[in-house]
Amino acid sequence: MTAVRALVRPPLVIAVAVVLAVVVLAAVTIVRLTLPSEVTLRSCRFPGPLTPTALDPCRLVVMDAVTARITHVDPRTGRVELDLAESITTSDNQHFIIRLAADRRFSDESPVTAQGVVRAWQDLADCRQRQPAAFLLGTIEGFQTTESCTSEDPRAMTGLTVIDERTLAVRTSAPDPDLPARLAHPATAPMPQSYYDFRPQSGVVPIGAGPFQISHNHGSEILLRRSPSYTGPFPAAVDSIRLPVYIDGGEAFNDVSAQELDFTDVIPADRLIGGRARSASDGRFALDGGSTTLKALRVADSRLADPRQRRALSMAMDRDFLAARLFDGTVHSASTWSSDGSVGACGTACTYSPEEARALWEQAGGMAGSITLWGTRADSDYPVLDTLCNEWKVTIGLNCKVELVQDTKELNERVNGGSGGVTLVSLQESTMAQPAHLTTYLTMLDWTETDAATAAAIQNADHASLGAHLAETMAVIPLWAGQTPHLSSSRLRDVHRTPMGTVDPVELTVR
Amino acid sequence: MTGAPSTPNNPAHAEDRVPGASASRPLLITIAPWVWLLPAVFIAIMAWNLRWMSDDGWINVRVVEQMLAGNGPVFNTGERVEVGTSTLWLWLLIAVSALIPWFEPSQLAMVLGTGFTATALVFAGLGSMQLLAPRPSVGAPVIWVPAGAAALAALPPVWDFATSGLEMSLALCWLAVCFWGLARRLVPLPATRSATRVGVAFRPWWLPVVIGLGPLVRPDFAVFTVAFAIALLVQSRRRLASGVIAALLALVIPGSYQIFRMGYYAALVPNTALAKDASGARWGEGLAYLFDFVQPYAVWLPVTLVLVVQLTLVRRWIAAGDAARVALTLALPVAGVLHAAYFVRVGGDFMHARFLLPATMAVLLPVSVYPLRRPADRLAIVFVTVLVLWAVTVATGPRTRYADIKTEGESSGRPIQAGLANERGWWVSRTKSHETVKIEDWIWAGSNAEESMLARWDLERDRSYYAEGGLESDTRGGAIHDHLRTNNGIVTRISPGVSIAVENIGATGVLAGNGVHVVDMIGLSDAVSARVRYDPMFIGPARNGHDVKPVYWRLAQYAAPTRDESPDLQRARAVLGCRPVRNLVRATTAELTPQLFLSNLRHSVTYTRLTIPADPLTAQWKLCQ
C-alpha cells in the first residue's frame, strides 16, 4: 500500500508523465518521417475504360500521372518543357524532328520508342474511333476528319516518319508553333505494346511511362504508386496518390473540410451560398485559372421542340442574381456557348426578362404536363436544378421537378434512352482542350438537331456556324461560366492545375 | 455553501481530515471529495460533443431574430403569435443574443444548454448533500458518490436534449436549483421535531421567485412549482403574512408575463398548446411513448431503487418528525409522476424520451449523490454500486434507432410507435455537412429548407406568391389540391410578399429570413389554424403533435380569392369573416394600441377557448350564427 501511495505522489507522477510525453512525441515524429507520403484526391465513377484519350477530369488525372508525353507544361509558368523528348528541332514550325531521351521506359520495363509514339498517334487520329481528343493532332499532314472518314479504309497520317529507334519526323500541313504544347496532353502519350495487345485489361490498369503506376483499381478506389522504373525529369514528390470514388460530390467536400480527403474540384452550389466554402476553408478554397466551366441546359424533350419555348425558358432565368446568390460570384452569366465567348452570341435570349418570357411561352402554347430537370449526384446538382425549377415555376408557371442520377454516364443513358426533359451539363474547358469541348456538342445535339453542316462546323471548330445554329435552336441554353473552384486540405502544400484543368500529380507535395 | 470542500462533512474539513494527511497525500484521497462532480463533467462532455440544433430549436431562433430586428417577439412579422413553449428560454436567448451579437443565437444556445445541464447536476448534488447531510459531529467522515446524478447523466436522451436549441437544459437546471434552494434551508440531520421549520417562507427572497418561474420554464412545469411551493411552506414557519409575501414574490414575474401574454398575444397559453391540443387525451400513444423510453434503458431499475431508498429515508424522517425533509423528498417524485402522467395522457411527443426527462430527474434528484460513511453501510454500497453499474451499461450501450419516422397504423387513424424519432440522428443525417448548429448547415438540407432559400431570393426580387407545401404527402385535399398541383402549389398571395406553407418551420423560417411569411401546416405559426381542432374526417393520421391542418384554412387566410373556388375554401373564407374568428384575427394582427392591448386582456379567455371545427361547414354553422 505504501508503495502504491508513493507511486501516486504528484512529483513522481509529473516526472513519469513528462518522460512518457517525450517518448510518444519522438515516436510520432519518427513514424511520420518514415511513413510514405500519400495524397488522396476525389475521383468519380469513370464513364468508360481508362484510356489516354479520355477527356473527363476523373480519368484524365489518372492518365496524366501514369503516362509521359513528348513535352510537359509547367503549371506555374505555362512554359513548354521536354519530357520524353530529348530535343525538338524545327526551322519553320512545320517540319519537326523529335529525338527521344535515352533510357525512358514504361513501368513494365519495355523501352519508349519512336515507333511506339507513332503508333499511339495513329491510333488517336484513327477517324473511325471519333476520338474527341484527336484534334490535338489535327494539323499533322494526312489527318482525316470524322466527316470524311470511311470506315473501310481509314488513312494513316502521312506526316509521321520514324527515322530511327529514338527519332521521328513530324510534318504538319501548315506552320503550327503550338504543336509541341499540344503534345503534352495525355491523349498523345505513347503506350507499350502490351496496351494494344490486351486492350480490355489495359482499360482497367493501363501501363505508361509516367512517374506513377497503378497499384490497384477496385472500381471504388484507385491507388497510384510512385513508379520505380521512372527515369524522367518530372519525378513524383509523393509516394502514392489514392483516388477514392465519390458518388456524391457533397460528401467529398465534407471530407476535404474534415481533412479526410486532400482535394476536390466539385464544390456543391449549396456550399458556395453566402461565401460558406470560402469562409469555412481557411484559404484552402481557390479558383483555378487554368480551366473554366460552362454550365448549360441541354433541352432534349419533344414537348419543347419549338425554339420559342426554349427561348422563353432561357429568358425566365435570372442568371445574374443567381450567380451572386447561388454561386457566391464564382461564375458570371453566360451569353455564349463557350466560356471564352468564342461560340455564338445568345443576345436577348439569355437576358432575364420575365414578361417577355411569359409572352413567348404563351405564344408557343406553353407545355402540357411536367418537365423533369436532370442532374447528377456526383456533381451535387440539386440546389442548382431546384433553383432553376423555381425560376420557371414562378416566372412562366411551368410545372417541373428535379431528378438526380448517379453520374454523367447514367445521365446520358437516361436522356438518350428517351427519358426526355432538360439536363444540366457542366463543360469543363481548358486552354489545351477547348476544341474538344466543342466536340461534346456533337453528343449533345445529335438527338434531333445535328445536321451535317453543324457536325462539320463542330469538327472544324467553326465557331461562327456552330454559334449561329445554337442561337437559332437554343437546343443548349447557356447559364453560367466561370473558373473551376476547388478545395484542398491543409496537408497539401501547393496545388497546381495542368493546362487540362486537372490537378498536377507531379507537383503534389504534403506538409 | 459554494462547493464540496466547504461542506461541513467533507473530508477536506479540518476535523475530518485523515490523520497524517499532508501536501503529499495520495491522489485518490485528494480527488475523493470531488467524485460527486463526475456526472456533471461527464454530461458536459457528452452534451458538447453531441451538440445539435433541432428544427424546433430554430423556431426560437427565428423569434430571436425577429425581436432583434425590432419586429417584436413574433414568428411572422405582423402576426402576434407566441410560438415558443418556454418563455424563459426564449427570452434568455434573446437577451444573450443581444449581448453577444457576434455569435449566432444557435451557437449561444449550445453554450447555454451545455452549461445549464452540467449546472443542473452540480446543484442536484449540492441539494442532495444538504438533504442527506448529517451534522459534522455525527458519524464518521463521508464521501459523496454519484447516485441519481450518475443515472441521469448516463441516459443518452439527456445528452441529446442538453442542447438541441430547446429548453430542456434550462428545465433540468431549474428543477435542480429549486431543489437545492429548498434543501439548503433544512437543518442538518438528525433534525429535532422543533427545529425543522426554519425561518419565513420568503427568506431567501430569491427562492420563491425562482420557484414561481416554473410556468415560464414550461407551462406544464406549474406542477413542479406547486410541489416546490408546498415544500417551501411546510419547511417554513406558519405565518399568513410569510406565505402571502412568498406567493407574491413567486407570482410577480409569471404574473407580469401573463398580463403581457394576454394583452399582446390575446391568449392565456402559448400558441403551441393550442395547436398541439395540449388538453386532448391520447393514452395509447402516450403509453407507447413511455415504454419507448423505459424499456430500452431499463429505466425502471434506477427509478425503483431510488424510490425504495427515498421511502426508507421518508419513514425514518417521519419517525423523527422532520416534516420539512419529508415534504421536499416527496414533492419531487410526486410532481414528477404527475408530470409524466400528463404527457402520457396527451400522447407523449414525437421526440424520443424528451418530455419524460424532467419527471425522471425529479425522481432521482433527492438522492443525486449519496453519502458513504465509515464504517461502510452495506445497503448504501449495494445501492450505489447497482446504480453506477446500470449507468455504465446504459451509457455504453446502443442508442435507440428508428428505421424511419413515417406514420404507421393509418387504418386506425392513429400513429403508433414508429412515429417517434431519434430527432438528433434524423437531423444530423439530413444536413449535408452532418452538422446542425449553424444555420448554413441547413441550406438545402431537405425537409423544406430548400424552399426557404428560394423564397428568400424571390422576396429580394419583389416576387409575390403563396406557395403551399406538402402536396405530395397530403392526399386529403381533394379539388383544392388538384388546383394547387396544376399550379405547382403556387397561387397569388392576398397581399404583396412571399408566403410559404411548410411542415417544418424552424430552419426554414430562419433561412427564409424575417421578411418571408412562413406558415406552419401544423398551425403553430398562426392563431386561426392553431384553433382548428383534430378531426379524423378532415385531418390525416400523423405523428404526435404533427396534425396537418386542412389546406383551406391556410388558403383562406393567405391566398387571394379566385373564380371557381371549392365550396370548402369559400366556407373557410366566410368563417374568417364571422365575428369570433374575425375578432381573433384582429386581436393578433391589427396594430397594437393600448386600447387593443386592454381589449385583448379582457377577451383573452374567450380567444383561448375558441375552437374551430376542421370541417368548414360545421365551423360556419358553429361560429357564424
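Anything mentioned here points back to the structure above.
Residues numbered from 1 in each chain as written. Chains lettered and ligands numbered in written order. Predicted model: local features only at pLDDT ≥ 70, side-chain atom pairs only at ≥ 80, totals over all residues. Heavy atoms only, no water.

Trainee: Got a minute to help me understand the overall build of chain A in this structure?
Mentor: Tallying secondary structure elements over chain A gives 18 helices and 19 strands in all. The 511 residues of chain A split such that 54% are buried. Accessible area of chain A: about 20700 Å², with a carbon and sulfur share of 54%. (Helix = DSSP H or I, 4+ residues; strand = E, 2+ residues; numbered from the N terminus. Buried < 20%, exposed > 50% of the residue type's maximum accessible area, 1.4 Å probe, protein only. Areas by Shrake-Rupley, 256 points an atom, 1.4 Å probe, with all protein chains shown as cover.)

Trainee: Any chance you could explain the packing of aromatic side chains here in plain terms?
Mentor: Centre distance and the angle of the planes are the two values used to describe a pair of aromatic rings. Residues and elements named next belong to chain B. What the rule picks out here adds up to 23 aromatic pairs over all chains. Geometrically, the ring pair formed by W444 and W457 is tilted, given 6.0 Å between the ring centres and 45 degrees between the ring planes. Of this pair, W444 sits in the loop between α19 (423-430) and α20 (449-460) while W457 is found in helix α20, placing the two residues 13 residues apart along the sequence. Judged by its relative accessible area of 3%, W457 is buried. Each member of the aromatic cluster is reached from another via a ring pair, and the members are W174, F221, F224 and F228. (Phe/Tyr/Trp six-rings, centres within 6.5 Å; stacked < 30°, edge-to-face > 60°.)

Trainee: What am I meant to see in a nonpolar patch on the surface here?
Mentor: All names here are of chain A. A surface patch of nonpolar side chains, about 280 Å² in accessible area, is lined by I14, V18 and V22. Here V22 lies in helix α2 (residues 10-34). Its relative accessible area of 51% is what places V22 among the exposed residues. (Patch = residues over 30% accessible without salt bridge, like charges linked within 9 Å, V, L, I, M, F, W, Y side chains within 5 Å. Salt bridge = Lys/Arg side-chain N within 4 Å of Asp/Glu carboxyl O.)

Trainee: Explain the sheet that holds strand β9 (residues 221-226) of chain A to me, please; I cannot follow it from the model alone.
Mentor: The strands that make up a sheet are held in pairs by hydrogen bonds between backbone atoms, and each pair lies either parallel or antiparallel. Residues and elements named next belong to chain A. The four strands are arranged β1-β10-β9-β8 in an open sheet whose pairing can be described as mixed. Each of the sheet's edge strands pairs with one partner strand only, and the pair in question is β1 (38-40) and β8 (212-217). Across the sheet, the axes of successive neighbouring strands diverge by a mean angle of 20 degrees, strand direction being ignored. By the bridge criterion, five bridges tie β9 to strand β10 (residues 240-244) in an arrangement that is antiparallel. Note on β10: the bridge partner recorded for I222 is L243. (Pairing = 2+ DSSP bridges. Axes fitted to C-alpha atoms, helices over the stretch in contact; angles between N-to-C directions.)

Trainee: What is the right way to look at the nonpolar core in this model?
Mentor: L297(A), W392(A), W174(B) and M361(B) are the most contacted members of the largest nonpolar core, which totals 246 residues. With 14 residues, the single largest contributor to this core is helix α8 (residues 168-183) of chain B. Discounting chain neighbours no more than four positions away, the residues touching W392(A) are L297(A), L313(A), A316(A), M317(A), L373(A), G397(A), L398(A) and V422(A). Core analysis: the next-biggest nonpolar cluster, separate from the first, contains 58 residues, A65(A), F106(A), A187(A) and I241(A) among them. (Core = buried A, V, L, I, M, F, W, Y, C linked by side-chain atoms within 4.5 Å. Contact = heavy atoms within 4.5 Å.)

Trainee: Would you take a moment to explain the pairing of strand β1 (residues 142-146) of chain B for this structure?
Mentor: In summary, the side chains of a regular strand alternate between the two faces of the sheet. Residues and elements named next belong to chain B. β1 sits mainly inside the fold: four of its five residues count as buried. Pairing of β1 with strand β2 (residues 369-373), which is carried by five bridges, proceeds in the antiparallel orientation. Within β2, the position partnered with W144 by the bridge is P371.

Trainee: Can you help me understand the pattern of salt bridges in this one?
Mentor: Between side chains of opposite charge, a pair can form as their charged atoms come close. Evaluation of the coordinates by the stated rule reveals 35 salt bridges over all chains. Its salt-bridge partner being E507(A), residue R76(A) comes within 2.3 Å of it at the nearest N-O pair. In this pair, R76(A) is assigned in the loop between β2 (71-73) and β3 (80-82) and E507(A) in the loop between β18 (492-494) and β19 (509-510), connecting sequence segments 431 residues apart. Among the residues examined, R76(A) registers a relative accessible area of 51% and is labelled exposed. Between D322(B) and R325(B) there is a salt bridge, with the nearest N and O atoms lying 3.0 Å from each other. Here the two residues D322(B) and R325(B) agree in accessibility, since each one is buried.

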